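Summary of structural features
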Amino acid sequence: CGLQPMYAGGGNAAVAQGLAAVEVSSIQGKAGWLVRNALVDELGVSGAKGVAPKYRLDVRLDDKLESFALLSDDTVGRERRTLRARYQLVDVGSGEVVLDQTAGSDAGIDVVSSDYATIAAEQTALENMSKDIATRIVTNIALRLRGETAQ
Amino acid sequence: QVFNGHNSNAPVDYAADRIELQDKQDRVILSGNVDVKQAELRLRASRTVVNFTNQGSMQIQRITASGGVVVSRPDETATGDVGVYDFNQRIITMTGNATIKRSNGDVLRGGRLVVDLNSGVSSASAGPNGRVSGTFSVPKQKGN
Amino acid sequence: QDVARPVDTGPIAGAPAAPPVSTGETEPVAFEADDVQYEQNSEVVTATGNVVLRRRDPQGQVQSVRADKVTWNRQSGKILADGNVRMVDQDGNQLYTGQVELTDELKTGMMENLLLVMREGGRLAALKGERIANGDVILHKAAYTGCDVTDDDGCPKKPSWRIVAKQVIYSDTQKRVRFKDARIELFSAVQLPLFGLTISTDGHAVSGFLMPDLKSSPSNGIEIAQSYYWKLAENRDLTGTVSAFTKAAPMASLQYRALTDKGAYQITGLATASSSIPIYSGTGEEITSGNRSFRGYIFANGKFQLDDNWSVTASIRRATDRTFLRRYDNNRDDRLRSMVEVERIDQDSYFSIAGYATQTLVASRQQGLIPVALPMIDYRRRIDDPLLGGKFEIQANSLNISRTDGQDTQRAFASAQWSLRQLTRMGQEITVTGLVRGDVYHSSDNALTTEDLYRGLAGWQERGIATAAVDVKWPLVGQAFGGTQVLTPRVQLVASPHFRNLAIPNEDSRAVDLDTGNLFALNRFPGYDRVEDGVRFTYGFDWQFERPRWKIKTTVGQSVRLSNQNTVLPDGTGLSNKTSDIVGRTEIRYRDFLNFIHRFRLDKDTMAVRRNEFDAVIGNTQSYLELGYTRLNRNIVNSVEDLQDREELRAAGRIAFARYWSMFGSAVVNMTSRKDNLQYGSNGFQPLRTRFGAAYEDDCVQISLTWRRDYVALGDVKRGDSFQLGFALKNIGGGI
């Protein structure tokens, strides 16, 4: 089924350079800060610095915490934290929305007797999920840029 | 103010740049800043034709004015492209984006305007696509 | 008074342009008509033929009046509009009547047989209307409905409800309609008295009584709750509710909400007096009766964005005892978290100082052992590495944990992480990471912590941590089965020297569970107190496939420990032995119709399933079925108080039918076997919460009946069935 490397040609190939021209606008809250950092790191894979932005990436996050796994005394055993991102890639020149999709990630957290330990596990889950979401978003952007450059 | 109706057979005096008497057709043509006054009624236009009958004394039948016609009366000024003053029926008819402006600020615009000097009723009708329009100015209520 | 009279609500034909805003002493009223007569001496204007008058009110909003004939006495300012009169006020509400007297400000005077169609939805008809001195209009024999009067294809439809009243006061200055001793007529059959009703004509909220709630529960009997909504200002309101019970003393609740220019906050309080049976006795024996005392609950939260960077978030939840919420607010939380956080976020730095405290409502937990984390300070800054083009992230963190009857722990650490990401010519993404961290801990009363893995050594403890990692991802893309696939094999090598773990108190690394989310994390423990050391090699792949209507994502991975390792963890967490368990996650999505997620963790030796979770949602927003299954089979030696095994089945569904009807239900079944959990296991199939209901909802009324069964008795909260009748009128624009 013909697999080829996404970033064939390395840092100065068209796709990697294309990613470097994506500017990420700021995202609200701590989750926004983490996701934005992960996005900036992933998009900077080509190592190119000071590239004039050709696209702008706008991201809106939705963070949800559900509890389940009840025991017979109706106490909660597990939680699931879901982070969803609705993102739009906008062509800075024409203002046209080039990509409008969602990406999501979730993590299971054990509810332990010390509630602070559960809070800490929820925060660590957020850190891991923001990296996973950034990877999924950048992969889709790269797919889109490949489609345009159509090697 | 009680209005006793306009006296159509009051004396009429004319002023114009040029006056041309066409005796055979019993009419007088005035052109250039025509200014006709009768009692408190005043008609100005760029050109008017006055038709009269001549059995013994001169009786004006009709004045037809055209070119920026302005008819002014106390509390009311009517303008239009063409104006006809019928002395027998005592009616002034203005046509061609005819407008009435009242002293109290009211404005009426219509295709056709009839000022009935007997009843003192001016009525407008048949403006652009058959509508008459305008504005009434209402005194600002002290209250609000 | 026929509320359902069909009328044309489209824009008025033949209307003149709106007059300019008035300047100076007079206000212009623009008009258009087929013809106009101006009576010279009596100054009476008579306009006929689709006459339209338009005027701007002092706020610049446009009012218009349309009638077949209008006579306007310019001296007295009296206007009489006659024949198919239609008025549009400045808020877009439309008034239809046969004939009406107006002032020259287009204020209505006497009118007969009028119909008011409100922009916000809702129609008010009356036989007669007259304006009184203070400007209000008194409507006699009026009827109001919020329902559509024509169905989708325009044929007339009977409104589901109508409110009839002998007298209604319509005040367009206060933009309000008040009903005097009104009665609501439901489906033109049942008539119920409504004492006062106020409707706003500009869509804004208006103070008034809300629809009463009707419930019944095993512990409180039948409950009637009547709320009053009080609009204090455009941005502040207060809702007070009194609930009367047949088997308990009445309860009062108050909610205050405010919107400020920096943010918003709300405060909710519930209070009653009744006898609560404490479920945590500390001495273990069952208590059967409690004394009658004040009981209540407070919930206040708010967020304020002070400027571009600084923000304050707070959420306080406290209850007087452990069973109050479950009994009075049918809320089943088993812990109440309170937190306050001040954050400063900018592009390259994050700073937070926060406090967390939790009130436990679990029968078996001692409140004194529940930690209070105050303060929790975290500062991070990201700096570009000028030399090699990498990225530095420095972090300083400190935490103070205190327990009234348990161990107190203080911690401070500083860390610096450097990472560099490179692309090889072949398209591999290589990330090299280095981390150094220095920790300082101090703890006291360690003996009070029952779990020895968490205790750590008392007094001052230090620890230095260094970790180096190389991570290689090779995203490969290609077409397959008519769609695009991305296969990303990934390998990672992480090496850290041995350092002390068990000597350090463990406050935030207790919820340990290996899954695809943390498989490739530098430290797969949650929090900071435990860090994996030694050398490990982790490998896995991520496959993403997308074609029209289909999306499939799957991730699988495992890691192998290359250095021997003293067990920092109880066996069963998937991290403890030489090779970790295999973890995976698969998500399949077919349009918006099916969304299926499966997560698993397989034991590396026995291939036994350690964690198995299915979640499926089938259907659309109207009719859907949600299924969830969770099996945690870690058989961690059960002396450890956490990470116990559980098995649960969850189901919820809704079926919409016959256009307005719907049925819904949900159930949670605990299938944890006694073997797995002696104390709280079940005989394999123990329903814990079941709920079933039916609802009727059309464009203007929502009626629902919900039956819920609680299988767990807790203190003064009895087992048994509860019912709730939901009744809401739409397009009512205000309280009743």
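Everything below is about the structure shown above.
The structure presented is a predicted model; accordingly, all values stated were derived computationally and were not measured.

**Notes on the overall build of chain B**
- In terms of regular secondary structure, chain B is built from zero helices and 10 strands.
- Here the C-alpha coordinates of chain B stretch approximately 65 × 35 × 25 Å along the principal axes.
- Taking all 144 residues of chain B together, the buried fraction comes to 45%.
- As presented, chain B carries roughly 7,200 Å² of accessible surface, and 52% of it is formed by carbon and sulfur atoms.

**Examining unusual backbone geometry**
- Here L374 of chain C and P375 of chain C are connected by a cis peptide whose omega angle stands at -5°.
- Assignment of secondary structure puts P375 of chain C in strand β25 (residues 372–384).
- Notably, A39 of chain B is not glycine yet its phi reads approximately 50°, a positive angle.
- On the basis of relative accessible area, A39 of chain B is assigned to the exposed category, the value being 53%.
- Of note in the backbone geometry, F187 of chain C takes a positive phi value of approximately 45° without being a glycine.
- Position of F187 of chain C among the secondary structure elements: in the loop between β12 (182–186) and β13 (190–194).

**Description of the environment of D23 of chain B**
- You can see D23 of chain B is positioned in the loop between β2 (18–22) and β3 (27–38).
- Put simply, D23 of chain B and R102 of chain B are 79 residues apart on the chain and 39 Å apart in space, counted from C-alpha to C-alpha.

**Comments concerning the environment of N331 of chain C**
Residues and elements named next belong to chain C.
- Mapped onto the elements, N331 comes out in the loop between α1 (324–328) and β23 (335–345).
- Here N331 falls in the buried class, since its relative accessible area comes to 16%.
- Between the alpha carbons of N331 and T538 there is a distance of 43 Å; along the sequence they are 207 residues apart.
- With sequence-adjacent residues up to four places away left out, N331 is seen in contact with R317, L325 and R326.
- Reaching out from N331, the side chain makes a polar contact with the backbone nitrogen of D333 at a distance of 2.8 Å.

**Some details on the pairing of β13 of chain C**
- Note that β12 of chain C and β13 of chain C share five bridges and pair antiparallel. Bridge pairing in β13 of chain C links A182 of chain C to L194 of chain C.

**Considering the state of the cysteines**
Residues and elements named next belong to chain C.
- Here the structure, examined in full by the defined rule, presents one disulfide over all chains.
- Disulfide pairing places C147 opposite C700 at an S-S distance of 2.0 Å. Its S-S torsion of approximately 85° makes the covalent link between C147 and C700 right-handed. A residue pair is termed long-range when its members are at least 10 positions apart, and C147 in the loop between β9 (137–145) and β10 (161–171) and C700 in the loop between β40 (686–697) and β41 (701–710) qualify at 553 residues. Assigned by exposure class, C147 and C700 land together as buried.
- Considering cysteine sulfurs only, C147 is the nearest to C155, which forms no disulfide, with 17 Å between them.
- The partly exposed category is assigned to C155, whose relative accessible area is 37%.

**Concerning the nonpolar core**
- Of all hydrophobic cores here, the largest spans 79 residues; its most connected members are L53, L124, L139, W161, I163 and F179 of chain C.
- Counting 49 residues, the second largest nonpolar core, distinct from the first, contains W33 and I133 of chain A together with I345 and V486 of chain C.

**Structural notes on the interface of chain B and chain C**
- Between chain B and chain C, the contact holds 31 residues from the first and 31 residues from the second.
- Each partner contributes to the roughly 2,700 Å² buried at the junction of chain B and chain C, and carbon and sulfur atoms together form 47% of this total.
- Remark: the boundary between chain B and chain C carries four salt bridges.
- Here R131 of chain B makes a salt bridge to E32 of chain C, at a shortest N to O gap of 3.0 Å.

**Here we look at the interface of chain A and chain C**
- Taken together, the 65 residues of chain A in the interface contact 95 residues of chain C.
- Overall, the association of chain A and chain C removes approximately 6,500 Å² of surface from exposure, summing both partners, and the carbon and sulfur fraction of that is 51%.
- By the criterion of area lost to chain C, the three top residues of chain A are W33, L71 and Y116 of chain A, representing 12% of everything that side buries.
- The tally of links from chain A across to chain C stands at 15 salt bridges.
- Its salt-bridge partner being R382 of chain C, residue D41 of chain A comes within 2.6 Å of it at the nearest N-O pair.

**A word on helix α2 (residues 29–43) of chain A**
- Relative to the 21 Å expected for 15 residues at 1.5 Å per residue, α2 of chain A spans 21 Å between its end C-alpha atoms, a close match to the ideal helical length.
- Of all 15 residues that make up α2 of chain A, 12 are buried, and the element is covered over most of its length.

**Side note on the sheet that holds strand β2 (residues 22–24) of chain A**
Residues and elements named next belong to chain A.
- On the basis of which strands lie adjacent, the open sheet formed by four strands has the order β2-β3-β4-β5 and mixed pairing. Across the chains shown, the open sheet's two edge strands, defined by having one partner strand only, are β2 and β5 (97–110). Put simply, the sheet's adjacent strands are angled 25° from each other on average, direction ignored.
- In the sheet, β2 pairs with strand β3 (residues 55–70) via three bridges, with the strands oriented parallel. The partner of E23 across the bridge, within β3, is R56.

**Observations regarding the packing of aromatic side chains**
Residues and elements named next belong to chain C.
- Per the stated rule, a full pass over the model turns up 24 aromatic pairs over all chains.
- Each ring, one from W310 and one from F351, has its centre 6.3 Å from the other, and the planes form 70°; the classification is edge-to-face. In this pair, W310 is assigned in strand β22 (residues 310–319) and F351 in strand β24 (residues 349–360), connecting sequence segments 41 residues apart.
- A relative accessible area of 32% places W310 in the partly exposed class.
- Given a relative accessible area of 22%, F351 falls into the partly exposed group.
- Ring plane angle 45° and centroid distance 4.7 Å describe the contact between F413 and Y528, whose orientation is recorded as tilted. Taken together, the positions of F413 in strand β27 (residues 408–423) and Y528 in the loop between β31 (483–496) and β32 (534–547) put the pair 115 residues apart, joining distant regions of the chain.
- What makes F413 buried here is its relative accessible area of 4%.
- Taken together through their ring pairs, the aromatic side chains of F187, Y660, W661 and Y696 make up a single cluster.

Thresholds applied
- Residues numbered from 1 in each chain as written.
- Chains lettered and ligands numbered in written order.
- Predicted model: local features only at pLDDT ≥ 70, side-chain atom pairs only at ≥ 80, totals over all residues.
- Heavy atoms only, no water.
- Helix = DSSP H or I, 4+ residues; strand = E, 2+ residues; numbered from the N terminus.
- Buried < 20%, exposed > 50% of the residue type's maximum accessible area, 1.4 Å probe, protein only.
- Areas by Shrake-Rupley, 256 points an atom, 1.4 Å probe, with all protein chains shown as cover.
- Contact = heavy atoms within 4.5 Å.
- Polar contact = N/O pair within 3.5 Å; in protein donor to acceptor, adjacent residues only side chain to side chain.
- Pairing = 2+ DSSP bridges.
- Disulfide = S-S within 2.5 Å.
- Core = buried A, V, L, I, M, F, W, Y, C linked by side-chain atoms within 4.5 Å.
- Buried area = accessible area lost by both parts, 1.4 Å probe.
- Salt bridge = Lys/Arg side-chain N within 4 Å of Asp/Glu carboxyl O.
- Expected span 1.5 Å × (residues − 1).
- Axes fitted to C-alpha atoms, helices over the stretch in contact; angles between N-to-C directions.
- Phe/Tyr/Trp six-rings, centres within 6.5 Å; stacked < 30°, edge-to-face > 60°.

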